[in-house]
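Coordinates in review
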Amino acid sequence: MGELHHECGIAAIYHLPNSSPSRLVPLAGPEQVSRLMPRMLLDLQNRGQLAAGFTTYSPQRPRLLDTYKQIGTVIEAFRLNHHAKHESIMRQFAGRAAIGHVRYATCGGNDLSYAQPFDRHHGCKWKWFSLAFNGQLSNFAELRTGLLDLIDYHLTRETDTEIIMHYLSHELRGDERPDLVDVFTNLARRFDGAYNLAFMNAMGDMAILRDPKGFRPLCYARDGALFAAASESVPLLNLGFQDIRSLEPGEMIVIQDNEFRVERFAERQKTSHCFFEWIYFANVASTLDDRSVYLTRAALGKELAHDERRLGKVPLDTDTIVVPVPDTGKAAADAMAFELGLRSVEGLMRNRYVGRTFIEGQHRADRARLKYTPLREVLEGKRVLLVEDTIVRSTTMKSLLHEIRERGKAREIHVRVACPPIVAPCFYGIDMSTVRELFAPRFMHESGRPTQEHLEAMAAELGADSLFYLPLEAVARCINLPTDRLCRACITGKYPTTTGEQLYELAMINNNGPANGRTYELVTAASTRRKQ
């Protein structure tokens, strides 16, 4: 609901040479398939709005790899609302291959130097590369220290993308062109956390890979000589691809010497798919690891309806309406209302034309007023079952409830959350890395199911008449994946990697201490204190 953010989305496209053109290529032809990249990134805009960019490859120009990136949304960065300027960008950066990126930051600054892809120039073509990254390395601090301990190493940014770039450069340091599978196999032994990567070098080689635990989704498709990949299925579907697949965790796609192949670069591990992808982050039209996002959210609503009947707290009559918090709460709200025999109505209208930068520049408590307009004609005098996808920090929800009550004149507001309470930080790419910033741990001293006393205290704090969360065990059931294949660390406090467990321990220590800042930024300082 605007207070939870994901780190980035990646995309790639490549038309293999010396082959018949795919039916999906743009009118300009196979040597300009890079023109499709802004469209792909636009379909990934839900994953990041701070910056957008792409690197293209063309053997017909002196700059074999060339990168364009700007601060802002895809429309702003690629000047999609100004035909002449957009066309100039597309001509200048035309290529038969491209990798692209949309950014939201969980670490690092908001200036252009942090926008991706990152490129590393070199006179040797296979050492000249560009890189786009989605995820977060939970052992960032350890990797950073390892680099700075080397003689004369210097880092210009506080971001794990630069860390990856340097470790990748180190793997490419020899005099012979290495096998890309070997390169990323070696990196996988060092990296802990979530990392989907799109890599391209000045030889025209491309590598797309998904980390061994599969935290973040990664989809790909082919149509004849045309290949494309993206963080979600929607960009591929909208380009016209039909056979869209999910890349398996620990696998990579390699395009080298005009050949396409899928290789395993890391040993099989127990998967840890982030459950939030289905509940919140992904486009509702996407299918991830063969599970529909829309059907998952509808299942969440059915679960809420079942529990609503069991609770029996709110009369299910004509004075009660179901209202989604747009947009990610709508599928769950509609399904819940249908199951209960109630009306699902848009009592909140989202203002889609207020720029994100303007909203984010306001005080958090004022953002709900800027972003949502309560409809008094719909809400006045009604009991409202307000369906939200999640509650993280609660400030926005408090403001929203105030607006619904004061401006919408709702008689009662009963908040129903299509997710269990968030009780622990995420160290794999979601912008919540400390315990103290979270709402639920202030009331629940341990993870698990909140008691009625907890719920009443939380409802009072929010200004709601009642509050109920989705039960913990319902998450895997709604996604239709076994519990042990999902990462549920933020709702259980149980992490799928060693570094995640260590960071959570530090986060719990810092929760009641004086330390400020994101947990992974405090690891080095904490290690120093323990040695003293």
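Relevant structure appears above.
Residues numbered from 1 in each chain as written. Predicted model: local features only at pLDDT ≥ 70, side-chain atom pairs only at ≥ 80, totals over all residues. Heavy atoms only, no water.

**Considerations on the overall build of the protein**
Summing up its helical and strand segments, the protein has 19 helices and 24 strands in all. Rg of the C-alpha trace for the protein: 24 Å, near the compact-globule value of 24 Å for 532 residues, within the 12% margin. Overall size of the protein, expressed as C-alpha extent along the three principal axes, is 70 × 65 × 40 Å. Scored against the burial criterion, the 532 residues of the protein give a buried share of 60%. Within the protein, counting contacts between residues at least 6 apart in sequence, those at least 24 apart form 71% of the total. Counting only carbon and sulfur atoms, one obtains 47% of the accessible surface of the protein, whose full area is about 21600 Å². (Helix = DSSP H or I, 4+ residues; strand = E, 2+ residues; numbered from the N terminus. Rg over C-alpha atoms; globule rule 2.2 N^0.38 Å. Buried < 20%, exposed > 50% of the residue type's maximum accessible area, 1.4 Å probe, protein only. Contact = heavy atoms within 4.5 Å. Areas by Shrake-Rupley, 256 points an atom, 1.4 Å probe, with all protein chains shown as cover.)

**Concerning the pairing of strand 9 (residues 219-223)**
Counting buried residues along strand 9, four of its five residues qualify, which places the element largely inside the surrounding structure. Note that strand 9 and strand 10 (residues 226-230) share five bridges and pair antiparallel. Looking at the pairing, R222 lines up with F227 of strand 10. Counted between consecutive antiparallel strands, the loop separating strand 9 from strand 10 contains two residues, among which G224 sits at a positive phi close to 60°. When strand 9 meets strand 11 (residues 245-246), the two strands line up antiparallel, connected through two bridges. Considered in strand 11, the bridge of Y220 is made with R245. (Pairing = 2+ DSSP bridges.)

**Some remarks on the packing of helix 9 (residues 293-311) against helix 10 (residues 330-340)**
For the pair helix 9 and helix 10, interaxial distance at closest approach is 7 Å and the crossing angle is 45°. By the criterion of interaxial angle, the relationship of helix 9 to helix 10 is oblique. Relative to helix 10, the crossing made by helix 9 is right-handed. Every residue of helix 10 that contacts helix 9 at Y294, R297, A298, L300, G301, K302, L304, A305, E308 and R309 is listed here: A331, A332, A335, M336, E339 and L340. Residue classes in the contact of helix 9 with helix 10 are distributed as ten nonpolar, one polar and five charged. (Axes fitted to C-alpha atoms, helices over the stretch in contact; angles between N-to-C directions. Parallel < 35°, antiparallel > 145°, perpendicular 65-115°, else oblique. Left-handed = near helix turned anticlockwise from the far one by under 90°. Nonpolar A, V, L, I, M, F, W, Y, C, P; charged D, E, K, R; others polar.)

**As for the sheet that holds strand 23 (residues 466-469)**
Within the open sheet, the five strands sit side by side as 18-17-21-22-23. Their pairing is parallel. At either margin of the open sheet sits one strand with a lone partner, and together these are strand 18 (343-344) and strand 23. As paired strands, strand 17 (residues 320-324) and strand 18 are joined by two bridges and run parallel to one another. Considered in strand 18, the bridge of I321 is made with R343. Helix 14 (residues 395-406) rests against strand 21 (383-388) and strand 22 (412-417) of the sheet, and its axis sits at about 145° to strand 22.

**Observations concerning the sheet that holds strand 9**
With antiparallel pairing, seven strands are arranged side by side in an open sheet as 3-2-4-1-10-9-11. The strands lining the two open edges of the sheet, one partner per strand, are strand 3 (65-71) and strand 11. Relative to strand 3, strand 2 (residues 51-57) is paired through seven bridges, and the arrangement is antiparallel. Among the inter-strand pairings, Y57 is bridged to a residue of strand 3, identified as L65.

**Section: the packing of aromatic side chains**
Scanning the entire structure with this criterion turns up 19 aromatic pairs. Ring geometry for F215 versus Y428: centroids 4.3 Å apart, planes at 20°, classification stacked. You can see F215 sitting in the loop between strand 8 (206-210) and strand 9 and its partner Y428 sitting in the loop between strand 22 and helix 15 (452-462), a full 213 residues away along the chain. Here the aromatic residues F215, F427, Y428, Y495 and Y504 are joined through ring pairs into a cluster of three or more. The side chain of R157 reaches across the aromatic face of F118, ending 4.3 Å from its centre. Looking at R222, its charged tip hangs above the ring of F260, at a distance of 4.5 Å from the centre. (Phe/Tyr/Trp six-rings, centres within 6.5 Å; stacked < 30°, edge-to-face > 60°. Lys NZ or Arg CZ within 6 Å of the ring centre and 35° of its normal.)

**Re helix 3 (residues 83-92)**
Where helix 3 is concerned, the buried positions are H86, E87, I89 and M90. Down the axis of helix 3, the buried set is contained in an arc of 160°. They therefore lie on one face. Buried residues belonging to helix 3 abut helix 1 (37-42), strand 2, strand 3 and helix 2 (74-77). (Arc of directions from axis to C-beta.)

**Quick look at the side chain of S466**
Secondary-structure assignment places S466 in strand 23. For S466, a relative accessible area of 10% corresponds to the buried category. A polar contact is formed between the side chain of S466 and the side chain of H414, at a distance of 2.6 Å. (Polar contact = N/O pair within 3.5 Å; in protein donor to acceptor, adjacent residues only side chain to side chain.)

**What to know about the pattern of salt bridges**
Here the structure, examined in full by the defined rule, presents 31 salt bridges. Between R157 and E162 there is a salt bridge whose closest N-O contact spans 3.4 Å. Across this residue pair, the class does not change: R157 and E162 are buried. The residue D289 makes a salt bridge to R210 at a minimum N-O spacing of 2.9 Å. Of the two residues, D289 sits in the loop between strand 15 (287-288) and strand 16 (291-292) while R210 sits in strand 8, which places them 79 residues apart along the sequence. (Salt bridge = Lys/Arg side-chain N within 4 Å of Asp/Glu carboxyl O.)

**Side note on the nonpolar core**
Considering soluble globular proteins, one finds that nonpolar side chains tend to be buried as a cluster. If you look at the biggest cluster of nonpolar residues, it comprises 113 residues, and the most contacted ones within it are I13, F78, F276, L386, V415 and L467. Residues in contact with F78, not counting those within four places in the same chain, are P38, L41, A52, G53, F54, Y68, H86, I89 and M90. Core analysis: the next-biggest nonpolar cluster, separate from the first, contains 31 residues, F133, L172, F184 and F265 among them. (Core = buried A, V, L, I, M, F, W, Y, C linked by side-chain atoms within 4.5 Å.)

Just geometry here; none of it tells us what the structure is for.
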